[in-house]
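The lines below spell out each chain.
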Amino acid sequence: MNIAHGLPDNFNADSYDVLVVGAGYAGAVCARRLAEALNFKVCIVERRDHIAGNAYDYEDEAGILVHKYGPHIYHTYNDRVHDFLSRFTEWTDYQHKVLANIHGTLMPVPFNHQSLKLAFGEEKGEHLYRKLVATFGQDKKVPILELREKNDPELAEVADYVYENVFLHYTMKQWGKTPDQIDPAVMGRVPVFVGDDDRYFPQAPHQGMPKDGYTKLFENMLNHDLIDVFLDVDVRSIMQLTDTSVMVCGKPYGGEVIYTGALDELFGFDEGPLPYRTVDMVFETLPEDQFQPVGTVNYTVSENFTRITEFKNMTGQVVPGKTTIMREYSRTYLPGVGETPYYVINEPENIELYHGYRDRVAKLVNFHPVGRLAEYRYYDMDGVTASALELSDEIIAHH
Ligand code: FAD
Ligand code: UDP
């Protein structure tokens, strides 16, 4: 891998078989696969001053490895994704645990057997748990919106408690809407768990943290003779789309283009901006060994931030006397002013707007949108990797 800041004066796009926009999972996975499978010479342009996209991690001034764009915990059910990424890192055996701070009591989330007993007392909690097991089965994930539909008064009591104390206020802070007003799949990400597993991703067979961090994983993935990376380059300075071709440096480009940025931005928002939520990540280093007992504590009934993450608890890094934490404040994303569009808002009118843009690139056979931004989808890291593996399969099959 060659890595440079800015493009050289003699930059020649035609000397590359593929132009990749963005050095996050979507871009890096495609880059590696096309270099390996097709011997393609790959040019990656990335407008940030680093690789790894939103998974980027770095050591802060206290020497603590932190995640710049929010806490990232690797987990997947997908063996192919796991096998692919495992070529570039070993994993720690970290199992992510989250506690909700509910009026000062810390209860496991997803809400589980233990949470029931903490919320309702030992005896009643056990009784309600037996009822949940009888209704849904042992070790089952039940979306809160499904639990709320049950008519049984005891189950309704559980549903009301969890809805009010785990989901309602947190969701209002995160999305500015109630759980009933947003895509049910979003709530479904964090079910009620009818069992004792107290991990945030119960039953996910592969979970952990990359042993030397995410940025190192990306360095290894991009470490290939045929891959050049140019940081601090916004592709809009060299690439424009017409109805019939992708223009790069003023000429129609004949290679493949993997685009992992936002589509509305590429068209100057001319059909209107795609809505997102952004997050203000506020870091603080404290003069103590440990601030909280787990990686993340969700503030589900109080505060105006959603959660606090303590990085050392996730990475296992040992730094005596110091720890760095981060609070997340979610708000509406303002387009075109350099903010980070973190979360897509999956509502029908937004999807329609997205398809308006997507239809305009459909005729450009060498232009491939992929990833959380370009597909306007709420993907986790494994979902993006799977999508990029599929796209690269198609391109490999085509050549
Ligand atoms: P990105 O990582 O956003 O990469 C796209 C890249 O393209 C960016 O680096 C961007 O700078 C670049 N780019 C865009 N436009 C241009 C342009 N015009 N010119 C040049 N470059 C451009 N997933 C998990 O699996 N587990 C988690 O715990 C987890 N936690 C998360 C927490 C938060 C707060 C957020 C927001 C996301 C989290 N995710 C998590 C999701 C994860 O971040 C994404 O799935 C993944 O990083 C998306 O990869 P990507 O390549 O699609 O996009
Ligand atoms: N959620 C909630 N309370 C919680 C955890 C999650 O209300 O304690 C809701 C909230 O709407 C959130 C969604 O479930 O946006 C998905 O949570 P997840 O932790 O998967 O979100 P992410 O890590 O992607 O921000």
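In what follows, the structure referred to is the one given above.
Worth saying up front: this structure is predicted, and the values here are computed from it rather than measured. (Residues numbered from 1 in each chain as written. Chains lettered and ligands numbered in written order. Predicted model: local features only at pLDDT ≥ 70, side-chain atom pairs only at ≥ 80, totals over all residues. Heavy atoms only, no water.)

Q: Looking at this model, I keep getting lost on the sheet that holds strand S19 (residues 307–310). Mind explaining?
A: The strands making up a sheet are joined through hydrogen bonds of the backbone, oriented either antiparallel or parallel. One open sheet holds the 7 strands; their spatial order is S8-S7-S18-S19-S20-S17-S21, and the pairing between them is mixed. Sheet topology places strand S8 (105–109) and strand S21 (343–344) at the edges, where each strand pairs with a single neighbour. Here 10 bridges tie strand S17 (residues 276–286) to strand S20 (residues 323–332), and the two strands are oriented antiparallel to one another. Pairing of Val279 across the sheet is with Ser330, part of S20. (Pairing = 2+ DSSP bridges. Helix = DSSP H or I, 4+ residues; strand = E, 2+ residues; numbered from the N terminus.)

Q: What is the right way to look at the site of ligand 2 in this model?
A: Taken together, the neighbourhood of ligand 2 is formed by 16 residues, with Trp175, Arg189, Tyr200, Tyr343 and Tyr378 sitting nearest. Asn298 is positioned with one of its side-chain polar atoms (N or O) 2.9 Å from an oxygen atom of ligand 2. Tyr343 places a side-chain nitrogen or oxygen 2.5 Å from an oxygen atom of ligand 2. Isolated, ligand 2 exposes 520 Å² of accessible area, and the fraction of that covered by the protein chains is 94%. Of all the secondary-structure elements, those providing two or more residues to the shell around ligand 2 are helix H6 (153–175) and helix H7 (184–188). Here the shell around ligand 2 gets 6 residues from one element, more than from any other, and that element is H6. Class assignment for the residues of the shell around ligand 2 results in 10 nonpolar, 4 polar and 2 charged. (Near = heavy atom within 4 Å. Polar contact = N/O pair within 3.5 Å; in protein donor to acceptor, adjacent residues only side chain to side chain. Areas by Shrake-Rupley, 256 points an atom, 1.4 Å probe, with all protein chains shown as cover. Nonpolar A, V, L, I, M, F, W, Y, C, P; charged D, E, K, R; others polar.)

Q: Would you explain empty space enclosed by the protein in this entry?
A: Leftover empty space is mapped by rolling, across the atoms, a probe with the size of a water molecule. In this structure the tally under the stated criterion is 1 cavity of 30 Å³ or more. Of the voids in this model, the largest cavity is the one considered here, and its volume is about 70 Å³. Looking at the largest cavity, the residues that line it are Trp175, Ile182, Asp183, Val186, Val344, Ile345, Asn346, Glu347 and Tyr378. For the lining of the largest cavity, the per-class residue count stands at 6 nonpolar, 1 polar and 2 charged. (1 Å grid on protein atoms, 1.4 Å probe; cavity = no way out; pocket = protein on both sides within 12 Å on 5 of 7 lines; lining within 4 Å. Points joined across faces, edges and corners; volume = space filled by probe spheres on them.)

Q: How should I be thinking about the sheet that holds strand S1 (residues 2–5) in this particular structure?
A: Strands sit in the order S1-S12-S3-S2-S16-S22 across an open sheet of 6 strands; the sheet is parallel. The two strands at the open ends of the sheet, each matched to only one other strand, are S1 and strand S22 (367–369). Strand after strand, the sheet turns through a mean of 15° between neighbouring axes, direction not considered. The sheet contact formed by strand S3 (residues 42–46) and strand S12 (residues 227–231) spans 5 bridges and is parallel. What sits directly across from Ile44, in S12, is Val229. (Axes fitted to C-alpha atoms, helices over the stretch in contact; angles between N-to-C directions.)

Q: When you look at the packing of helix H1 (residues 25–38) against helix H8 (residues 214–222) in this model, what are you seeing that I'm missing?
A: Relative placement of two packed helices is described by the angle separating their axes and the distance separating the axes. Between H1 and H8, whose axes approach to 9 Å, the crossing angle comes to 30°. With respect to H8, the element H1 is oriented roughly parallel. Residues Tyr25, Ala28, Val29, Ala31 and Arg32 of H1 pack against Tyr214, Leu217, Phe218, Asn220, Met221 and Leu222 of H8. (Parallel < 35°, antiparallel > 145°, perpendicular 65-115°, else oblique. Contact = heavy atoms within 4.5 Å.)

Q: Looking at this structure, how should I read unusual backbone geometry?
A: Leaving glycine out, the prevailing phi sign among residues is negative, and the prevailing peptide bond configuration is trans. That bond from Val109 to Pro110 is cis: its omega, -5°, falls within 30 degrees of zero. Residue placement: Pro110 occurs in the loop between S8 and helix H3 (113–120). The residue Glu303 is not glycine, and still its phi comes out positive at about 70°. In this structure, Glu303 sits in the loop between strand S18 (296–299) and S19. Here Glu303 falls in the partly exposed class, since its relative accessible area comes to 45%. The phi dihedral of Tyr376 falls on the positive side, at around 50°, and the residue is not glycine. Checked against the element boundaries, Tyr376 lands in the loop between S22 and helix H12 (381–398). (Buried < 20%, exposed > 50% of the residue type's maximum accessible area, 1.4 Å probe, protein only.)

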